[in-house]
Structures are given as C-alpha cells and as structure tokens.
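Okay, here's what each chain looks like letter by letter:
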Amino acid sequence: MKKLILFISVFCLMACQTKEGTWNPDTDVDYCINKVSAALNELRQADNTYDYSMEPRNILKEDTQKGWNCRKASPQEWCSGFWPGILWMDYGITKDEQVRQQAEGYTEALSMLTQEPVYDHDIGFLTLSSYGKGYEQTHRDDYRKVMLDAADSLALLYNPLVGTILSWPRHVKDYGGHNTIMDNMINLELLFWAAQEQEKSDKSKSEQLYNIAVRHADTTMQHQFHEDGSCYHVAVYDTLSGNFIKGVTHQGYADSSMWSRGQSWAIYGYTMVYRFTKEQRFLEFAQKVTDSYLKRLKETSNDWVPLWDMDDPMGLEAPKDASAACVVASGLLELCQYVDAEKGKQYYDAAVSMLTDLSRDYQSGEENVAFLKHSTGHKPAGTEIDASIIYADYYYLEALLRLKSGVHAQ
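My aim in this report is to walk through the structure given alongside it, one point at a time. Going along each chain's sequence as written, the residues are numbered from 1 onward. With pLDDT at 70 or above as the cut-off, local features in this predicted model cover only qualifying residues; side-chain atom pairs require 80 or more to be listed or tallied, and sums for whole chains, interfaces and linings still use all residues. The side-chain numbers reported here are obtained from all heavy atoms of the structure, hydrogens and water having been left aside.

**Some details on the sheet that holds strand β3 (residues 54-59)**
Pairing between sheet strands relies on hydrogen bonds along the backbone, with the strands arranged either parallel or antiparallel.
Then comes step 1: Any two strands between which DSSP finds at least two bridges are classified as paired. Every helix listed is a DSSP run of H or I at least four residues long, and every strand listed is a run of E at least two residues long, numbered separately from the N terminus. The three strands lie next to each other as β4-β3-β10, forming an open sheet whose pairing is antiparallel. For this open sheet the edge positions go to β4 (69-72) and β10 (388-389), each flanked by a neighbour on one side alone.
Then comes step 2: One ladder, built from two bridges, connects β3 with β10; its direction is antiparallel. By the bridge assignment, Asn 58 is partnered in β10 with Ile 389.

This is the structure we're talking about:
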C-alpha cells in the first residue's frame with residue numbers, strides 16, 4: 001500500500017503537465033475566490049445587508065446582468081444549499097470572517113428544512129451542501145443537530161418493500177408507483193454520516209440509517225442500470241409489492257440514453273458508498289459506471305466536458321453540460337484513491353483533464369459572477385440550457401480543493 005501511495009503521489013504531481021503547458025489549479029482556486037467576492041458585491045442590497053432567504057440559482061445565456069438569478073430558499077428549491085456551501089469552502093481557504101458571516105446567514109436561511117414534514121429526497125442535497133460544509137469548518141452543535149434531524153426526515157421516505165428511498169412523493173401518480181432517481185445516490189451520504197455520528201450514542205439508530213443507505217445502493221445497482229453501466233434516471237417500483245416496474249428518463253434524451261449528469265451522480269454516489277462501507281461490490285460498481293462514462297465521453301465529445309446527453313442525435317451541435325464534468329472530476333479524485341495504481345492513474349489523469357478543460361474553456365471570465373458557463377439543467381423542459389448554474393460552481397470548487405489538498409494520495 002505504501003508503494004501505491006508513493007506512486008500515486010508522484011504521478012499526481014506530474015499530471016498537471018499538459019501538452020499546452022503547466023496548468024496550476026491554485027490559480028483557479030484564486031479565480032473562484034475572486035468570483036465569490038464579486039457575487040457577494042452583486043447580492044449586497046442598498047442598505048448594505050443581504051437577503052439570505054434568496055439563494056443564487058443560475059445566470060441564463062440570455063441574461064444581460066452579471067449577477068445571479070436567485071430563488072426563495074425552501075425545501076422545494078433543491079439548489080438552495082449550494083451557495084452557502086461555496087461560501088463555506090471559500091471560508092475554509094481564506095478564513096475571511098466576512099465570508100463566514102455570509103455563509104452563516106445563507107445557511108441558517110434553510111433552518112425550516114427540519115421544522116416541517118419532509119418534502120422529498122433533496123433534503124440531502126440541501127443540508128449536505130450547506131450545514132454539512134459548515135459543520136466541517138465550525139463543528140457547531142446546532143449544525144450537527146440539523147444534519148441528524150435531516151437524516152431522520154430522509155429516512156421517513158424509505159420503503160422497506162422496495163428497498164429504496166422515495167425520491168418524489170408528488171410524482172407517485174405520474175409514474176404509477178414508487179420512484180427513485182439517480183440523484184438520490186448523493187443523498188445517501190447524509191444517512192451514512194448520521195449513522196457514523198451516532199454509532200456510539202444510539203447504536204440502534206445508527207444501524208437503521210446505515211442499513212437503509214446500503215439497501216438503497218444495492219437495490220439501485222440491481223435495477224437502475226443497463227448492461228453497459230449506463231443508468232436510467234428514474235426507476236419505478238410497485239409501492240405495495242416492491243417489484244421493479246420500469247426504468248425511464250426524466251431529464252435525459254431517452255430512456256435508453258446516457259444522460260450525463262445522471263451518470264455523474266452514479267459515479268460520485270457509488271464512490272461515496274464505498275468510502276463508508278468498504279464493500280468490494282460497491283468499488284467494482286463505481287469503476288463500472290465510471291468506465292462506461294469515460295468510454296462514451298471519448299466517443300461523443302471533442303473535449304473532457306460531455307454533451308448534456310451522450311445520445312443526443314445532434315452530436316457536437318448539442319449543448320454541453322459543464323456541471324456533469326465537475327461532479328465526475330470531484331468523484332474521480334476520490335475514486336482514484338481506492339483502486340490499483342494503473343486504474344488510479346487513469347482516473348486521476350481524467351479528472352485533471354476535465355478540470356483543465358473547464359478552467360481554460362468554460363470559465364465565465366468577465367461575462368458574469370459565476371465560475372463557469374455552458375451547463376445544462378433540464379433540456380427536455382427547455383430550462384437552464386447553456387447557462388451558469390450554481391451546482392456546477394459548487395462541484396467545480398470542491399474538485400479543485402480536493403486536487404489542491406492532495407486527497408488523491410490518502
């Protein structure tokens with residue numbers, strides 16, 4: 001193992017050498033910090049205060065302003081946690097008390113999440129990215145409590161007959177049964193974290209949450225993927241019998257296509273599941289879904305950033321999705337720690353190539369206050385196409401910080 005870590009450390013140091021010269025991720029971290037400052041200036045109101053209830057969501061291609069379009073912080077707005085998460089990551093680097101103050105304000109605007117009935121699975125996204133990042137920096141007891149309460153709320157959506165968490169309670173009639181979306185894999189981290197936190201204080205609760213997360217991952221692995229490792233966005237199960245009914249898309253091109261961001265959730269999600277379980281089947285599956293993605297990426301894209309869906313018949317004329325590349329890059333910088341040296345180098349090099357392309361060709365520059373442009377939100381619905389979107393920025397900064405911290409060599 002020591003030889004493997006040493007080998008990975010060496011190639012990690014060398015991997016930022018590209019055919020066009022040396023790419024320095026520190027420069028892009030600084031770029032992001034400057035962008036956060038610009039965004040905070042845009043969000044500051046005339047009386048020098050902030051409306052913390054309004055969380056940044058997007059900057060559309062047709063927008064003339066440089067600042068973020070904001071939406072009301074709520075359980076219904078799944079992206080509400082990403083901006084406070086970006087601020088907490090910024091604070092982790094700069095230790096700027098002004099940034100911390102804003103991070104606290106935007107985080108605590110989400111306090112309603114555990115004070116009302118759970119709306120859907122996105123309570124994981126909402127709390128992991130905000131209170132979770134804040135707890136990493138502060139270890140505040142009240143943040144920990146919100147996270148634990150949110151995990152309990154998420155667990156209420158679990159159907160033991162099916163073996164997964166219900167993603168969208170409001171869409172059960174639309175899909176004709178219990179629906180589970182690939183995005184839900186990310187939210188399992190909340191359950192694993194809460195299980196780990198309560199292992200000594202409440203062993204029964206710890207085991208319950210852990211088992212829910214593991215069974216969800218297993219059931220999803222069994223039913224929500226094609227043979228080649230690509231995923232369905234949505235799996236539908238009979239609510240009463242628990243039987244799998246069908247796999248369909250919601251945001252992809254077709255039921256059988258590879259929707260890039262959905263595949264990125266699978267890569268990131270199964271890597272995280274292995275981190276908590278150390279179960280070999282999850283590591284093997286994380287590699288399978290990753291290898292499927294990388295193969296299709298090479299076949300369909302002219303760089304390391306995917307089309308929004310790799311089966312869009314428009315080919316290179318179709319919109320790109322920078323957000324998917326950010327999620328995958330961050331996931332690969334963790335996954336490369338867990339595999340053999342050859343595979344680790346492949347995954348690490350791929351992540352560096354993704355971040356290099358994002359940094360050189362997808363940054364927003366002077367156009368707006370976002371880090372990146374050219375993400376795609378919901379193409380079938382015609383929304384957030386070729387836009388700057390807050391979760392792209394969140395995972396971009398997370399990936400850069402993983403690279404900067406040397407997390408690959410642990």
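**Quick look at the sheet that holds strand β7 (residues 178-181)**
Then comes step 1: Overall, antiparallel pairing links the three strands, which are arranged β7-β8-β9 in an open sheet. Of all strands in the sheet, those with a lone pairing partner are β7 and β9 (244-248), marking the two edges. Ignoring which end each strand starts from, the neighbouring axes of this sheet average 20° apart.
Then comes step 2: Here four bridges tie strand β8 (residues 234-237) to β9, and the two strands are oriented antiparallel to one another. The residue of β9 that forms the bridge with Tyr 237 is Phe 244. For helices, the axis comes from a line fit to the C-alpha atoms of the stretch in contact; other axes are also lines fit to C-alpha atoms, and the angle between any two N-to-C directions lies between 0 and 180 degrees.

**Comments concerning unusual backbone geometry**
In terms of backbone geometry, most residues other than glycine have negative phi values and most peptide bonds are trans.
Then comes step 1: Positive phi is not limited to glycine here, since His 374 has a value of about 70°.
Then comes step 2: Mapped onto the secondary structure, His 374 falls in the loop between α13 (341-361) and β10.
Then comes step 3: With relative accessibility at 24%, the residue His 374 sits in the partly exposed group.
Then comes step 4: Phi at Asp 386 takes a positive value of approximately 55°, unusual for a residue other than glycine.
Then comes step 5: Relative to the helices and strands, Asp 386 is located in the loop between α13 and β10. Exposed residues in this analysis have more than 50% of their type's maximum accessible area, buried residues have under 20%, and partly exposed residues fall in between, with area computed by a 1.4 Å probe over protein chains only.

**Details of the side chain of Arg 296**
Then comes step 1: Turning to its location among the elements, Arg 296 is positioned in helix α11 (residues 280-300).
Then comes step 2: Residue Arg 296 is classed as buried on the basis of its relative accessible area, which comes to 16%.
Then comes step 3: The contact criterion used is simple: two residues touch if any of their non-hydrogen atoms lie within 4.5 Å. Contacts of Arg 296, omitting those with residues within four sequence positions, involve Met 258, Met 310 and Asp 311.

**Overview of the packing of aromatic side chains**
Then comes step 1: The pairing test for Phe, Tyr and Trp rings, Trp by its six-membered ring, is centres within 6.5 Å, and the orientation test on the planes gives stacked under 30 degrees, edge-to-face over 60, and tilted for anything in between. Applying the stated rule across the entire model yields 29 aromatic pairs.
Then comes step 2: Ring geometry for Phe 192 versus Tyr 210: centroids 5.6 Å apart, planes at 75°, classification edge-to-face. Of the two residues, Phe 192 sits in helix α8 (residues 184-197) while Tyr 210 sits in helix α9 (residues 203-223), which places them 18 residues apart along the sequence.
Then comes step 3: Geometrically, the ring pair formed by Trp 265 and Tyr 395 is edge-to-face, given 5.9 Å between the ring centres and 65° between the ring planes. Separated by 130 residues along the polypeptide, Trp 265 in helix α10 (residues 260-277) and Tyr 395 in helix α14 (residues 390-405) bring together distant segments of the chain.
Then comes step 4: Residue Tyr 395 is classed as buried on the basis of its relative accessible area of 3%.
Then comes step 5: Chaining the aromatic ring pairs together yields one cluster made of Trp 78, Phe 82, Phe 125, Trp 265, Tyr 268, Tyr 391, Tyr 394 and Tyr 395.
Then comes step 6: Across from the ring centre of Tyr 91, 5.1 Å away, lies the NZ or CZ of Lys 95, which sits over that ring.
Then comes step 7: One cation-aromatic arrangement involves Lys 278 over Tyr 274; the distance from NZ or CZ to the ring centre is 5.5 Å. Placement of a positive charge over a ring is assigned whenever Lys NZ or Arg CZ falls within 6 Å of the ring centre and within 35 degrees of the normal to the ring plane.

Function cannot be inferred from these measures alone, as they are strictly geometric.
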